[in-house]
Amino acid sequence: MLVKRMDVGGDALGDPAASVWGTAKGETVALMQAPAAMQPTKYITTKWQDKPYGQTKSLTVKALRNADEIAFRLEWQDPTKNEQRIENTDFPDAAAMLFPLSEDAPLFMGMEGAPVNLWYWRADHPSRARSDMATGIGTSRVMDDTSITAKAVHANGRWTVVMRRALRVEKEAASAIQIVPGQTLRTTFAVWEGSNLERAGIKAFSPAWLELQIEA
Amino acid sequence: MSEKTDIGRELDGVLQKPKRQLAMVFDLNKCLGCHTCSISCKRQWTREEGMDNMWWAVVNTMPGKGTPKNWEGMGGGWDEKGEPRPSKIPTRDEFGDAWKFNKEEVFHGGKGKTVYLKPVNTKGEDPDWGPNWDEDEGGGEYPNSHFFYLPRICNHCTHPACLEACPRGAIYKRDEDGVVLINDKQCKGFRFCMEACPYKRIYYNHVRDVTQKCIFCFPRVEKGVAPACARQCPGRLRFVGYLDDENGPIHKLVHKFKVALPLHQEYGTQPNVYYVPPLSPPAVDMHGKVDPSKPRIPTEYLEGLFGPRVKDVLAVLEAEKEKKAKGLPSELMDTLIVYKWPENIFPDFVQDPANL
């Protein structure tokens, strides 16, 4: 997928309803249930192996960059808006993108020596996304200095979420993806359905890399 | 069988065997149901924002539905094959939530003589459960109605279901004393631990998005001070010590005299809190005639809580009580009586916190 350069202000890039998104060509990414057998603990495998989860079938992604920033606009179907976290059984809707930080990082959350960077948005904090790093299933760590802003809209049974960040980041350099114009990147996606108590590895995920060509 | 995960934890049934194990014994024959333990814990540990609904130490009236409501029917822990038993996350309402009172109105609104204090829960509704909602109701029919108190904390299990359920590796059992702790920097509030714990002694902090529970007062213990619930207990029923200390009361009550039993051993988590089961007066009929063959609290009920050894334990307690009454020596009764406080009840933790 081509990430076109559009020289508009960051606020336009960051707005899911901005007209500039009409110029971006979207890609539909197929999602599947993250396998119960791959859950990091036996309790989770046992509890979920016969229960439906990760039923979000696909999401549509668009991406644009300007001189300094990149923005990803994710859109997926979700008839129930789950955004609070008060009752013990409240789990907010969420979505994430995963970027390999080394050539051979597996798309299953990376591995030792081959970390991945996660951009994680959750509906209880609608205007920011978290930057995590992981080196395998069950290892993701929140990096302190997050710089990903977000804007989310839930309408007509769909979430539309834009995550936006500077192309190059200094402070989190070791734990976050650096985005260089002209480069080709890979990414993959996950979606959590809060009404089904989905969290951690109980999710829908994209089992293939999506290539992103960052327009020079 | 076990497998090493990439988080570096042994999973799937391997026991967490620490070098030493701290344990408690609660002598239920001494519990007054005064909740001083719950309050001392609350004052010490659960006063921060997001902790208002937390009671790491509770006292339940038995028979009763407990905290959270009907926790014994929620699953969790391990089945007889050692497989995890699926469970549910208890809700705030089932725990009893945190109540807010109209104190402003009653104390400062000039209506003190016409308006009374009235609690509402987080949803603004009349509460219909609380940490010990069915206090003193108990079970049985007149004239054999009965109840006793059951203090409950995290059991700091040897086979902790919470630890094994956590996908983050955020729960660990300390090697030096077997205390089970949640690392709240690693916890992401996924709440699988709340599901997997069959005793339902873990709470969710919705402000910080982490789970929290009894820490066996480890900062006190490290300084030789007994946990707050034990030190403050006016009934002096909470013994604290290491299971392997042959001169300590824990080892004597659990291993030497074998009168302290774990609660719901069948949940498979190997709890390290033990209970001396309650004796009861004999049953009577409607004319007041005593039937010495039948205890007021049905033994089957106690067996349901503490397992098949209850009958033997009650017999030993009766026999030793008898001996003591006749002026004969009984090391077991002397241990339970606690002549010298604090050294007889938590010998390794006699330090007075006021002197630190």
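Look above for the structure.
Q: Could you give an account of the overall build of chain A, naming the residues involved and the relevant values?
A: Scanning chain A for helices and strands turns up 2 helices and 14 strands. Radius of gyration (C-alpha) of chain A: 16 Å, near the 17 Å computed for a compact globule of 216 residues. Counting only C-alpha atoms and orienting by the principal axes, one finds that chain A spans roughly 50 × 40 × 30 Å. Of all 216 residues assigned to chain A, the portion counted as buried reaches 56%. Accessible area for chain A stands at about 9000 Å²; split by element, carbon and sulfur atoms hold 51% of it. Taken as two groups, the 25 positive and 26 negative side-chain charges of chain A have centres that lie 2 Å from each other.

Q: Account for helix H10 (residues 310-325) of chain B, naming residues and giving values.
A: Residues and elements named next belong to chain B. Spanning 16 residues, H10 covers 22 Å between terminal C-alpha atoms, matching the ideal 22 Å at 1.5 Å per step. Looking only at H10, the buried set comprises Val310, Val313, Leu314, Leu317 and Glu320. In an axial view of H10, the angular spread of the buried residues amounts to 130°, which keeps them on one side of the axis. In the stretch just after H10, Gly327 is the one whose phi turns positive, near 85°.

Q: Any chance you could break down empty space enclosed by the protein for me, citing the residues and the numbers?
A: The final tally for this structure, using the stated rule, is 8 cavities of 30 Å³ or more. Here the largest cavity is characterised by a volume of approximately 520 Å³. In this structure, the largest cavity is lined by 33 residues; those nearest its centre are A:Met109, A:Trp192, A:Ala200, A:Gly201 and A:Lys203. Put simply, the parts of the chain that give the lining of the largest cavity at least two residues each are strand S6 (94-100), strand S7 (116-122), strand S8 (128-134) and strand S12 (184-192) of chain A. With 4 residues, S12(A) is the largest single contributor of residues to the lining of the largest cavity. Split into classes, the residues belonging to the lining of the largest cavity amount to 20 nonpolar, 7 polar and 6 charged. Looking at the second largest cavity, its volume works out to about 120 Å³. As for the second largest cavity, its lining consists of 15 residues, of which B:Cys154, B:Asn155, B:Cys157, B:Cys162 and B:Cys197 are closest to the centre.

What counts as what
- Think of each chain on its own: its residues are numbered from 1, step by step along the sequence as written.
- Chains carry letters from A onward and ligands carry numbers from 1 onward, assigned in written order.
- Local features are withheld for residues below a pLDDT of 70 in this predicted model, meaning they are given only at 70 or higher, and side-chain atom pairs are given and counted only at 80 or more; totals for whole chains, interfaces and linings count all residues.
- To get the side-chain values, take all heavy atoms of the structure and skip hydrogens and water.
- A run of H or I in DSSP counts as a helix once it spans at least four residues, and a run of E counts as a strand once it spans at least two, with each numbered from the N terminus.
- For this measure, only C-alpha atoms enter the radius of gyration; the expected value for a globule follows 2.2 Å times N^0.38, where N is the number of residues.
- Residue burial is assigned from relative accessible area. The probe radius is 1.4 Å, only protein chains are included, and a residue is buried under 20% of its type maximum, exposed over 50%, and partly exposed in between.
- The Shrake-Rupley method, run with a 1.4 Å probe, gives the accessible areas here. Residue values count only the displayed protein chains as cover.
- Lys and Arg are tallied as positive, Asp and Glu as negative. Neither His nor the chain termini are counted.
- The atom standing in for a charge is NZ when the residue is Lys, CZ when it is Arg, CG when it is Asp and CD when it is Glu.
- By this rule the span expected of a helix is its residue count minus one, scaled by 1.5 Å.
- The arc refers to the directions leading from the helix axis to the C-beta atoms.
- In this analysis the probe radius is 1.4 Å and the grid spacing 1 Å, with only protein atoms considered; a cavity is a set of points the probe fits into but cannot get out of, a pocket is an open set with protein on both sides within 12 Å along at least five of seven lines, and lining residues have an atom within 4 Å of a point.
- Grid points are joined across faces, edges and corners, and a volume is the space filled by probe spheres set on the points.
- Polar here means any residue other than Ala, Val, Leu, Ile, Met, Phe, Trp, Tyr, Cys and Pro, which are nonpolar, and Asp, Glu, Lys and Arg, which are charged; Gly is therefore polar.

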